[in-house]
Amino acid sequence: MKKYIYVSLLMISVVLETQAIEIVSKDITGGGANGYAKTAKSSITVDAPGLAGLVVSYTQTNIVCSGVGYDQCPGIVANSENYYDSVDELFANDLMEFAETQVDENDEAGSHSVTVLVDRESEPRIYRVDWAPNSNGGTLISVHRDDL
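Predicted, not measured: the structure shown is a model, and the values here were computed from it. Starting from 1, residues in each chain are numbered consecutively following that chain's sequence as written. Per-residue local features are limited, in this predicted model, to residues with pLDDT of at least 70; the limit for side-chain atom pairs, both in listing and counting, is 80 or more; totals at the level of whole chains, interfaces and linings are taken over all residues. Based on all heavy atoms of the structure, the side-chain values leave hydrogens and waters out of the count.

**Remarks on the packing of aromatic side chains**
Next, step 1: Side-chain rings of Phe, Tyr and Trp (the six-membered ring for Trp) are treated as a pair once their centres are within 6.5 Å; stacked means planes under 30 degrees apart, edge-to-face means over 60, and tilted covers the remaining angles. In the structure shown here, the tally under the stated rule is 2 aromatic pairs.
Next, step 2: Seen in terms of ring centroids, Phe91 and Tyr127 are 5.5 Å apart; in terms of plane orientation they differ by 10°. Their pairing is stacked. On the criterion of sequence distance, the pair formed by Phe91 in helix 2 (residues 86–104) and Tyr127 in strand 5 (residues 125–133) is long-range, its members being 36 residues apart.
Next, step 3: The partly exposed category is assigned to Phe91, whose relative accessible area is 22%. Strands are runs of DSSP state E lasting at least 2 residues, helices are runs of H or I lasting at least 4, and numbering of each runs from the N terminus. A simple rule labels every residue: compare its accessible area, found with a 1.4 Å probe on the protein chains alone, to the largest value its type can have, and call it buried under 20%, exposed over 50%, or partly exposed in between.

This is the structure in structure tokens:
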């Protein structure tokens, strides 16, 4: 009986565990009304365990923007070289802008999620943005997909 209870609790914990992948991490320090002095963007493709034991391939992008200048901080772009699609691109970029607006309104740290129903997909996508101060006095923003 104890073994049955233990296995049941283990199964429940596995089902309740949230799987997530980080789509983008954006580290912003400084900047001005016209943009940033330095911008950098790099992407890597990662294979990670997904739900039901499936391997999920996705692209993780790291963006760093700093200093006062004239360059715009880049966003993510869906193309044939990465695993983003247009829905990922739209919501990741929108959520990064949402977090930046929150920081501009003196909300230094927080989290926000949206659930998206996509045509021809049986399950909704769940996107989450987290933002918090970074070690340089700026902001670190990360966007995750919590449904994978």
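**A look at the layout of surface pockets**
Next, step 1: In this structure, the largest pocket encloses a volume near 400 Å³.
Next, step 2: Think of a 1 Å grid over the protein atoms and nothing else: a 1.4 Å probe that fits but is trapped marks a cavity, an open set flanked by protein within 12 Å on at least five of seven lines marks a pocket, and residues with an atom within 4 Å of a point count as lining. Surrounding the largest pocket, 17 residues form its lining, Ile28, Tyr36, Val103, Asp104 and Thr139 being those nearest its centre.
Next, step 3: Elements supplying a minimum of two residues to the lining of the largest pocket: strand 1 (21–29), helix 2 and strand 6 (139–145).
Next, step 4: Among the elements that make up the lining of the largest pocket, the one with the highest residue count is helix 2 (3 residues). Grid points are joined across faces, edges and corners, and a volume is the space filled by probe spheres set on the points.

**Points about the sheet that holds strand 4 (residues 110–116)**
Strands in a sheet are paired, the pairing made by backbone hydrogen bonds, and the direction either parallel or antiparallel.
Next, step 1: DSSP-based pairing: two strands are paired if at least 2 bridges between them are found. Read from one edge of the open sheet, 6 strands run 2-3-1-6-5-4, paired in mixed fashion. Of all strands in the sheet, those with a lone pairing partner are strand 2 (36–49) and strand 4, marking the two edges. When strand polarity is set aside, the average angle formed by the axes of neighbouring strands in this sheet is 10°.
Next, step 2: Both strand 2 and strand 3 (residues 55–68) contribute to a ladder of 13 bridges, which runs antiparallel. Lines fitted to C-alpha atoms define the axes here, with helix axes fitted over just the stretch in contact, and angles between the N-to-C directions of these axes take values from 0 to 180 degrees.

**Focus on the side chain of Asp147**
Next, step 1: You can see Asp147 is positioned in the segment after strand 6.
Next, step 2: Engagement of the side chain of Asp147 in a polar contact is seen with the backbone nitrogen of Ile126, the distance being 3.2 Å. Residues adjacent in sequence count toward polar contacts only when both atoms are side-chain atoms; beyond that, a polar contact is any pair of N or O atoms within 3.5 Å, and within protein one must be able to donate a hydrogen and the other to accept it.

**Description of the pairing of strand 1**
Next, step 1: Counted residue by residue, strand 1 has 7 buried out of 9 residues, so it is predominantly covered.
Next, step 2: One ladder, built from 7 bridges, connects strand 1 with strand 6; its direction is antiparallel. Bridge pairing in strand 6 places Lys26 opposite Ile141.
Next, step 3: Pairing of strand 1 with strand 3 involves 6 bridges; the strand directions are parallel. Residue Lys26 lies in a different strand from strand 3, and its bridge partner there is Ile63.

Shape is all these values report; function is a separate question.
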